[in-house]
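Residues per chain are reported as follows:
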Amino acid sequence: MDIIKEMEAYAKQYNVPIMESEGIEFLCNFIRKHHIKRILEVGTAIGYSAICMATVDENIEVVSIERDTERYHCAVENVNAAKLQKRITLCHEDALKCEVTGSFDLIFIDAAKAQYLKFFQRYEKQLNIGGWIVSDNLQFHGFVEHPEIIRSRHLRQMVRKIKNYIEFLKNNGNYDTEFVNIGDGVAISRKKAENL
Ligand code: SAH
Ligand code: MG
């Protein structure tokens, strides 16, 4: 699809942190393999990953949240150009305030790294049993593994929050989590059946 190539070029030109090709390919294969139909995305940017995910299968529906006005409008244009407005619902709001209805098979968290735990806690009630939470950028350009190279305090705090989130996932008995060394680091957490 031309629109995909155009979005990749736009993201490169304007430094929009869309998923890397290896990561998006992995995510789309994952969606196909597990017959995922209802997806909630936190962090639309310009709609690249939402469009890629919706294109996996014509029964897939995506709800995606973006707080930045310019990116939101850009995403609306791209979704319209891809003729996916019936299956992709875009919300222009802060994901920590937004009210989303319905339940999901997959929640894809790809927004402000310091808030992952809050996103997780806000939306996990709407995740179906056996459903997945995929969290992107957990290596954060290598800073998580090599904090000694960090110079700024702000960055150090962010990396600390990512580490806390990783610990939270590891210790969360309601989920089985696997960390995958793909793109910028992805965690895949599966919600277990209750009282197992
Ligand atoms: N998933 C996209 C990339 C998202 S980049 C893709 O791969 O194509 C992360 C986006 O999350 C940014 O556009 C940023 O504005 C948005 N974001 C960060 N914090 C947010 C929040 N609290 N609520 C909604 N959007 C947020
Ligand atoms: Mg990302």
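Let me begin by describing the structure that accompanies this report.

The rules we used
Residue numbers restart at each chain and count upward from 1, following the sequence in its written direction. To read the labels, note that chains go from A and ligands from 1, taken in the order they are written. Whole-chain, interface and lining totals are the exception, using all residues; otherwise, since this is a predicted model, local features are given only for residues with pLDDT of at least 70 and side-chain atom pairs are given and counted only at 80 or more. Each side-chain value is derived from all of the structure's non-hydrogen atoms; neither hydrogens nor water enter the calculation. Where helices and strands are cited, they refer to DSSP runs of H or I of at least four residues and of E of at least two residues respectively, numbered from the N terminus. Relative accessibility decides the category of a residue: with a 1.4 Å probe and only protein chains considered, values under 20% of the type maximum give buried, values over 50% give exposed, and everything between is partly exposed. The contact criterion used throughout is that any non-hydrogen atoms of two residues lie within 4.5 Å. Classification of ring pairs rests on two measures: the distance between centres of Phe, Tyr or Trp rings, Trp counted by its six-membered ring, which must be within 6.5 Å, and the angle between planes, read as stacked under 30 degrees, edge-to-face over 60 and tilted in between. Donors, by definition, are the N, O and S atoms found within 2.8 Å of a metal, the threshold being 3.2 Å for Na, K and Ca, and water is not counted, so a site can look incomplete. What counts as a salt bridge is simple: a side-chain nitrogen of Lys or Arg found within 4 Å of a carboxyl oxygen of Asp or Glu. Charged residues are defined narrowly, with Lys and Arg counted positive, Asp and Glu counted negative, and His plus the chain ends left uncounted. Side-chain atoms alone can form a polar contact between residues adjacent in sequence; in general such a contact is a pair of N or O atoms within 3.5 Å, and within protein one must be able to donate a hydrogen while the other accepts it. Being near a molecule or strand, for a residue, comes down to having at least one heavy atom within 4 Å of it. For the area figures, the Shrake-Rupley method with a 1.4 Å probe applies, and any residue is considered shielded solely by the protein chains shown. Here a cavity denotes grid points, spaced 1 Å and computed from the protein atoms alone, that fit a 1.4 Å probe unable to get out, and a pocket denotes an open set having protein on both sides within 12 Å along at least 5 of 7 lines; residues with an atom within 4 Å of a point are the lining. Whether a molecule lies in a cavity or pocket depends on its atoms, and more than half of them have to be within 2 Å of the grid points.

To continue, consider the environment of Gln85. Along the chain, the position of Gln85 falls in the loop between helix 4 (69-81) and strand 3 (88-92). On the accessibility criterion, Gln85 (43% relative accessible area) is partly exposed. Spatially, the C-alpha atoms of Gln85 and Leu106 are 19 Å apart, while their sequence positions differ by 21 residues. Residues contacting Gln85, with those up to four places away along its chain left out, are Val79 and Asn80.

For any pair of aromatic rings, the description consists of the separation of the ring centres together with the inter-plane angle of the planes. Evaluation of the coordinates by the stated rule reveals 9 aromatic pairs. Considering the side-chain rings of Phe120 and Tyr175, the 5.1 Å spacing of their centres and the 65 degrees angle between planes classify their relative orientation as edge-to-face. Of the two residues, Phe120 sits in helix 5 (residues 116-123) while Tyr175 sits in strand 6 (residues 175-180), which places them 55 residues apart along the sequence. By relative accessible area, which is 4% here, Tyr175 ends up buried. Pairwise contacts between aromatic rings join Tyr116, Phe119, Phe120, Tyr165, Phe168 and Tyr175 into one cluster.

Coordination of the magnesium ion (ligand 2) by the protein is provided by Asp110 (OD), Asp136 (OD) and Asn137 (OD1), with metal-donor distances spanning 2.0 to 2.2 Å. For the magnesium ion (ligand 2), the donor residues sit on a single chain with the sequence spacing D-x25-D-N. Of this pair, Asp110 sits in the loop between strand 4 (104-109) and helix 5 while Asn137 sits in the loop between strand 5 (127-136) and helix 6 (153-171), placing them 27 residues apart in sequence. For the pair formed by Asp110 and Asn137, the shared burial category is buried.

Summed over all chains, the structure comprises 7 salt bridges. Taking the shortest distance from any N to any O, the salt bridge between Glu61 and Arg38 comes out at 3.2 Å. Within this pair, whereas Glu61 is found in strand 2 (residues 61-66), its partner Arg38 is found in strand 1 (residues 38-42), the two being separated by 23 residues in sequence. By relative accessible area, Glu61 is classed as partly exposed at 36%. Taking the relative accessible area as the measure of exposure, Arg38 reaches 23% and is therefore partly exposed. A salt bridge links Glu99 to Arg122; the nearest nitrogen and oxygen atoms lie 3.7 Å apart. On the criterion of sequence distance, the pair formed by Glu99 in the loop between strand 3 and strand 4 and Arg122 in helix 5 is long-range, its members being 23 residues apart.

For the rest of this paragraph, the subject is the side chain of Arg87. Here Arg87 is to be found in the loop between helix 4 and strand 3. It is Asp57 that comes nearest to the buried, bridge-free Arg87 among opposite-charge side chains, at 6.2 Å. There is a polar contact of 3.3 Å between the side chain of Arg87 and the backbone oxygen of Glu58. When residues no more than four places from it in sequence are discounted, the contact partners of Arg87 are Ala54, Asp57, Glu58, Asn59, Ile60, Glu61 and Val62.

Among the 22 residues in the neighbourhood of ligand 1, the closest are listed as Gly43, Glu66, Arg71, Ala95 and Asp110. Gly43 places a polar main-chain atom, nitrogen or oxygen, 2.8 Å from a nitrogen atom of ligand 1. Between Asp110 and ligand 1, the recorded distance is 2.8 Å, taken from a side-chain N or O atom to a nitrogen atom. Contact with the protein chains covers 94% of the free accessible surface of ligand 1, which is 580 Å². Taking a 2 Å distance to the grid points as the criterion, the majority of the atoms of ligand 1 fall inside the largest pocket. At the level of elements, helix 3 (48-54) and strand 2 are the ones that each hand at least two residues to the shell around ligand 1.

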